[in-house]
Amino acid sequence: MKRIRTAVIGCGKVGHFHAQAYRRIAKSELTACCAATRSPRAEGFAKQYDIPLYTDLERMVRETGVEAVSICTPHPSHAALAVRCCGLGLHIAVEKPLAAALEDCDAILEAAKRSSVVGTTICQRRFYRPAMRIREALDAGKLGRPILGTVNMLGWRDMAYYRSDPWRGTWAGEGGGVLINQAPHQIDLLLWYMGEVAELYGMWDTLNHPELEVEDTAMAIIRFRSGAMGNIVVSNSQNPALFGNVRVHGSNGASAGVQTDGGAMFIAGVSGIAEPPVNDLWTIPGEAELLARFKAEDSALFSSVDMIHYHEQQLSDFLDAILSGRRPLITLEDGRRTVELITGIYRSRRDHRPIAFPLAPEHAGDMDGRLR
């Protein structure tokens, strides 16, 4: 079996998820890591995985022959690194969100297309069995036509979380708050189930984290191109954290939902998921009685794996796509759609009006509506 030489760029908390996943995947040979400086954290990362540490990307590629990389740095730095990697012929897996701004997303997409490399953005919750089950039910027509989709993510982040890294909670360092950091997974699922957005009206504010620049609460009302409707409510202001779920309601009256997070919210490298992801709603005709079985099966599976498992599944799909010449399950375009929806909420709040899609980058000097 051919093995692809892989590397991790960014030696922080989520970088460990990628390094451990690459070590588990048979078709991967974890070869190197790269950081901006030779900090104690970066040197410890390299020692832990017994790989060389580089601070020069081009030198790493030249000396190790790396073929595919995971970009695990703060969001605003994704684009510059991804464009450089594509120019070096490297296939790229970019941690969520793909970038903090549409202009950066487009730069990544253009660079990947120009260099004919495979790219994916990390949305590992699609690989949760209950999330897959909803997609399969939609594909089989079990809900008729999806007519209403909702995201409710009521979580908690304290100030110790925001102080844990200097870039957190700032527009320049993070590019946003709950929308750009915690909500992309649920928004990705909503778009996977419901399709393209036609129009939305959104708002956001900072309600109980007065020290933050960025938003801790946001909402949106959505019209999809299919004519279906949607609603998003996301917040980091509920202590203790409550839940994160995505639900789809169909034209035949059937509904299906997945609780992706329950209880204390997952923080990479700090905490695990408090409750297993499960289908929390299932009224498909002839299958409603299966909900209890689904929950039991999914809880048992989740208890038998760790959180690296889902990164492993997505990165394995990424490497399979490279070897077979196909598109990965989750594409760079999917990552842009999530950032596009988030950007629409920022612009809607700024302009006090509904925002029509698709969106193009703008250069108004306010980070696409993020600045107050």
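Provided above is the structure to which this section pertains.
Residues numbered from 1 in each chain as written. Predicted model: local features only at pLDDT ≥ 70, side-chain atom pairs only at ≥ 80, totals over all residues. Heavy atoms only, no water.

Asker: Any chance you could explain the overall build of the protein chain here in plain terms?
Answerer: Counting its secondary structure elements, the protein chain contains 12 helices and 14 strands. Against the compact-globule benchmark of 21 Å for 372 residues, the protein chain has a radius of gyration of 20 Å, which places it among compact chains. Dimensions of the protein chain, computed from the C-alpha atoms along their principal axes, are close to 60 × 50 × 40 Å. Across the 372 residues in the protein chain, those meeting the buried criterion constitute 58%. Here the protein chain displays about 14,600 Å² of accessible surface, and carbon together with sulfur accounts for 53% of that area. Charge centroids of the protein chain, computed over 41 positive and 43 negative side chains, lie 2 Å from each other. (Helix = DSSP H or I, 4+ residues; strand = E, 2+ residues; numbered from the N terminus. Rg over C-alpha atoms; globule rule 2.2 N^0.38 Å. Buried < 20%, exposed > 50% of the residue type's maximum accessible area, 1.4 Å probe, protein only. Areas by Shrake-Rupley, 256 points an atom, 1.4 Å probe, with all protein chains shown as cover. Lys, Arg positive; Asp, Glu negative; His and termini not counted. Charge placed at Lys NZ, Arg CZ, Asp CG, Glu CD.)

Asker: When you look at the packing of aromatic side chains in this model, what are you seeing that I'm missing?
Answerer: Pairs of aromatic rings are described using the distance from one ring centre to the other and the angle between the two planes. Scanning all chains against the criterion turns up nine aromatic pairs. When the centroid spacing of 5.0 Å and the interplanar angle of 80° are considered together, the rings of Tyr161 and Tyr162 count as edge-to-face. In this pair, the class of Tyr161 matches that of Tyr162, namely buried. Chaining the aromatic ring pairs together yields one cluster made of Tyr128, Phe302 and Tyr310. Directly above the aromatic system of Tyr161 lies the positively charged group of Arg157, at a separation of 4.8 Å from the ring centroid. The ring of Trp204 is capped by Arg349, whose NZ or CZ atom sits 4.0 Å from the centre of that ring. (Phe/Tyr/Trp six-rings, centres within 6.5 Å; stacked < 30°, edge-to-face > 60°. Lys NZ or Arg CZ within 6 Å of the ring centre and 35° of its normal.)

Asker: How do you make sense of the pairing of strand β1 (residues 4-9) when you look at a structure like this?
Answerer: For a regular strand, side-chain orientation follows a simple rule: the groups alternate between the two sheet faces. With five of its six residues buried, β1 lies for the most part within the structure. Judged from the six bridges that link them, β1 and strand β2 (residues 28-34) form a sheet pairing that is parallel. Opposite Ile9, over in β2, you have Cys34 as the bridge partner. After leaving β1, the chain enters helix α1 (residues 13-24) and then returns to the sheet as β2, a path that is right-handed. Here four bridges tie β1 to strand β4 (residues 68-71), and the two strands are oriented parallel to one another. Of the residues in β4, the one forming a bridge with Ala7 is Val69. (Pairing = 2+ DSSP bridges. Right-handed = clockwise from strand over helix to strand, strands pointing away.)

Asker: How should empty space enclosed by the protein be read in this particular structure?
Answerer: Where empty space is left in the structure can be found by rolling a water-sized probe over the atoms. As enumerated under the stated definition, the model contains two cavities of 30 Å³ or more in all. Of the volumes computed, that of the largest cavity is approximately 40 Å³. Broken down by element, the lining of the largest cavity gets its largest block of residues, three residues, from helix α12 (residues 332-351). Residue composition of the lining of the largest cavity, grouped by class: five nonpolar, three polar and one charged. Lining the second largest cavity are Tyr128, Arg129, Pro130, Pro277, Asp298, Leu301, Phe302 and Tyr310. Every element with two or more residues in the lining of the second largest cavity is listed here: α6 (129-139) and α10 (291-303). Counting residues per element, the lining of the second largest cavity draws most heavily on α10, at three residues. Along the lines of polarity and charge, the residues of the lining of the second largest cavity split into six nonpolar, no polar and two charged. (1 Å grid on protein atoms, 1.4 Å probe; cavity = no way out; pocket = protein on both sides within 12 Å on 5 of 7 lines; lining within 4 Å. Points joined across faces, edges and corners; volume = space filled by probe spheres on them. Nonpolar A, V, L, I, M, F, W, Y, C, P; charged D, E, K, R; others polar.)

Asker: What should I look at first to understand the environment of Lys113 in this one?
Answerer: By the element assignment, Lys113 lies in helix α5 (residues 102-115). Between the C-alpha atoms of Lys113 and Cys86, which are 27 residues apart in sequence, the distance is 8.8 Å.

Asker: Explain the packing of α6 against α10 here, please?
Answerer: Each packed pair of helices is defined by two parameters, the angle between the axes and the distance between the axes. Close contact between α6 and α10 brings their axes to 10 Å; oriented N to C, the two are set at 135°. Between α6 and α10, the crossing angle belongs to the class labelled oblique. Contact residues: Arg129, Pro130 and Arg133 in α6; Phe294, Glu297, Asp298 and Leu301 in α10. Partitioning the contact of α6 with α10 into residue classes produces three nonpolar, no polar and four charged. (Axes fitted to C-alpha atoms, helices over the stretch in contact; angles between N-to-C directions. Parallel < 35°, antiparallel > 145°, perpendicular 65-115°, else oblique. Contact = heavy atoms within 4.5 Å.)

Asker: Before we go on, may I ask you to explain unusual backbone geometry in this structure?
Answerer: For residues besides glycine, phi is generally negative; the peptide bonds are generally trans as well. Geometrically, the link from Asn239 to Pro240 is a cis peptide bond, its omega value of 5° lying close to zero. For Pro240, the position within the fold is in the loop between β10 (229-235) and β11 (243-250). At the junction of Phe357 and Pro358, the peptide bond is cis and its omega measures out at 5° in the coordinates. Mapped onto the secondary structure, Pro358 falls in the segment after β14 (355-356). Phi at Ser116 is positive, roughly 55°, even though this residue is not glycine. Residue Ser116 is classed as exposed on the basis of its relative accessible area, which comes to 64%.

Asker: What's the story with the side chain of Ser237 in this structure? I'm lost.
Answerer: With respect to the helices and strands, the residue Ser237 is situated in the loop between β10 and β11. Take Ser237: its relative accessible area is 17%, and that puts it in the buried class. A distance of 3.4 Å separates polar atoms of two side chains, one belonging to Ser237 and the other to Thr217. For Ser237, the residues in contact, after removing those within four places along its chain, are Gly155, Trp156, Asn208, His209, Asp216 and Thr217. (Polar contact = N/O pair within 3.5 Å; in protein donor to acceptor, adjacent residues only side chain to side chain.)

Asker: I tried to follow the sheet that holds strand β6 (residues 119-121) on my own but got confused; where do I start?
Answerer: For sheets, the rule is that strands pair by backbone hydrogen bonds, running either parallel or antiparallel. Strand order in the open sheet made by the six strands is β3-β2-β1-β4-β5-β6, with parallel pairing throughout. The outermost strands of the open sheet, each flanked by one partner alone, are β3 (53-54) and β6.

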